[in-house]
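Residues per chain, in single letters:
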Amino acid sequence: MNVCLSPCPIVFDLDGTLIDSAPDIHACVNTVLGQHQAPLLTLDQVRSFIGGGVDVLWQKVIAARELPDDKKPDYIAAFMLCYQNATNMTRLFPGVLETLELLADRGHSLGICTNKPHAVTQVILEHFGIARLFGCIIGGDSVAERKPHPAPLRAALAGLGADPQRPKAFYVGDSEFDATCAAAVPVPFLIYSKGYRQAPLSELPHAASFDHFADLPALVELQAAM
Ligand SMILES: O=C(O)COP(=O)(O)O
Ligand SMILES: [Mg+2]
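Residues numbered from 1 in each chain as written. Chains lettered and ligands numbered in written order. Predicted model: local features only at pLDDT ≥ 70, side-chain atom pairs only at ≥ 80, totals over all residues. Heavy atoms only, no water.

Take the state of the cysteines next. Scanning the entire structure with this criterion turns up one disulfide. Not part of a disulfide, Cys113 finds its nearest cysteine sulfur in Cys181, a span of 5.2 Å. Judged by relative accessible area, Cys113 falls into the buried class, the value being 0%. (Disulfide = S-S within 2.5 Å. Buried < 20%, exposed > 50% of the residue type's maximum accessible area, 1.4 Å probe, protein only.)

Structure follows, in structure tokens:
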């Protein structure tokens, strides 16, 4: 399959793929739990809840702490207040900046498709100085559906000018949500093995996996030539 012979669009997931955001998300979850006198959660617990967006995160927090479901809008509002520019403990994964710049220099158009709300996504990308590299940024509230539904990834690809019927492009992500979404578009999925996925790598459909961002440019070239 000749996926793309010339530089093609590459869309990236955010949490657990480009950024290790779990420490800031964990801190804000616990801030809200503390406000409601609920027992706090560990970093590992909160990390395992990330990937489906803020609503799914709070469904899982509510289930773990047996909190009243009808308070979810209040919890989410308080969480977003805390998280709106929470970047203190968030880091780019190793090699991300260099690799994004290299791919952009090689002519690939780059996009973001995350379940994180758009406004805070923009704040975080600007904090790390990488917003300039992305031609299209789709957040969890940019279209009506969220991953694993294919609509947000289709919107990101369309925003980068890919043919919606036969997108010659890649999606780079870390989780079950991303794998299912990419398969539904369909577009080849490249999975970052050091992210937040819960299932073993072998259980997620993917074209290829990588352990370090320095390996991604060669992987893209290899996959594009197949
Ligand atoms: O769960 C979230 O908030 C977003 O996660 P994602 O960037 O991996 O889509
Ligand atoms: Mg992710």
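Right, let's get into the domain arrangement of the chain. According to the domain assignment, the chain consists of domain 1 (10-20 + 90-225) and domain 2 (22-83). One C-alpha centre belongs to domain 1, the other to domain 2; they are set 25 Å apart. Tallying the contact residues gives twelve residues for domain 1 and 14 residues for domain 2. Both sides of the domain 1 and domain 2 interface together cover about 1,100 Å² of buried area, and 57% of this is carbon and sulfur. On the domain 1 side of the contact with domain 2, Thr90, Phe177 and Tyr196 bury the most area, a combined 39% of that side's loss. Across the contact surface, domain 1 and domain 2 share zero salt bridges. (Domains from an automatic or database assignment. Contact = heavy atoms within 4.5 Å. Buried area = accessible area lost by both parts, 1.4 Å probe. Salt bridge = Lys/Arg side-chain N within 4 Å of Asp/Glu carboxyl O.)

Now for the packing of aromatic side chains. According to the stated counting rule, one finds nine aromatic pairs in the structure shown. Judged by centre distance (5.1 Å) and plane angle (65°), the ring pair of Phe93 and Tyr192 falls under edge-to-face. A residue pair is termed long-range when its members are at least 10 positions apart, and Phe93 in the loop between β3 (91-92) and α5 (96-105) and Tyr192 in strand β7 (residues 189-192) qualify at 99 residues. Of the two residues, Phe93 and Tyr192, both sit in the buried class. Centroid distance Phe210 to Phe213: 5.1 Å. Interplanar angle 85°. Geometry classified as edge-to-face. Taken as a pair, Phe210 and Phe213 share a single burial class, namely buried. Put simply, the rings of Trp58, Tyr75, Phe79 and Tyr83 pair up and form one aromatic cluster. (Phe/Tyr/Trp six-rings, centres within 6.5 Å; stacked < 30°, edge-to-face > 60°. Helix = DSSP H or I, 4+ residues; strand = E, 2+ residues; numbered from the N terminus.)

Moving on, we get to the coordination of the magnesium ion (ligand 2). In the first shell of the magnesium ion (ligand 2), the protein supplies Asp13 (OD), Asp15 (O) and Asp174 (OD), at 2.1 to 2.2 Å from the metal. Linear spacing of the donor residues for the magnesium ion (ligand 2) on their chain is D-x1-D-x158-D. Pair noted here: Asp13 is in the loop between β1 (10-12) and β2 (19-20) and Asp174 is in the loop between β6 (170-173) and α8 (176-184), with a separation of 161 residues, a long-range link. Side by side, Asp13 and Asp174 carry an identical accessibility label, which is buried. (Donors = N, O, S within 2.8 Å, 3.2 Å for Na, K, Ca; no water.)

With that settled, the discussion passes to helix α6 (residues 118-127). Along α6, the residues classified as buried are Val120, Thr121, Ile124 and Leu125. Down the axis of α6, the buried set is contained in an arc of 135°. They therefore lie on one face. What points out from α6, more than 90 degrees from its buried face, is the exposed set Ala119 and Glu126. Tucked into the core, α6 has its buried residues touching β2, α4 (72-83), β4 (110-113) and β5 (134-138). (Arc of directions from axis to C-beta.)

Moving on to the sheet that holds β5. Here we have six strands laid out as an open sheet, ordered β5-β4-β1-β6-β7-β8, and parallel in their pairing. In this open sheet, the two strands that pair with only one neighbour each are β5 and β8 (208-210). The mean inter-strand angle of the sheet, taken between neighbouring strand axes irrespective of direction, is 20°. Where β1 and β6 come together, three bridges link them in parallel fashion. In the sheet register, Val11 faces β6, and the bridge partner there is Tyr171. (Pairing = 2+ DSSP bridges. Axes fitted to C-alpha atoms, helices over the stretch in contact; angles between N-to-C directions.)

Judged by which residues are buried, β6 turns out to be covered on both faces: Phe170 and Val172 on one side and Tyr171 and Gly173 on the other are all buried. The pairing of β6 with β7 spans three bridges and is parallel. Residue pairing for β7: Val172 is matched across the bridge by Leu190. In this fold, the crossover linking β6 to β7 by way of α8 has right-handed handedness. (Right-handed = clockwise from strand over helix to strand, strands pointing away.)

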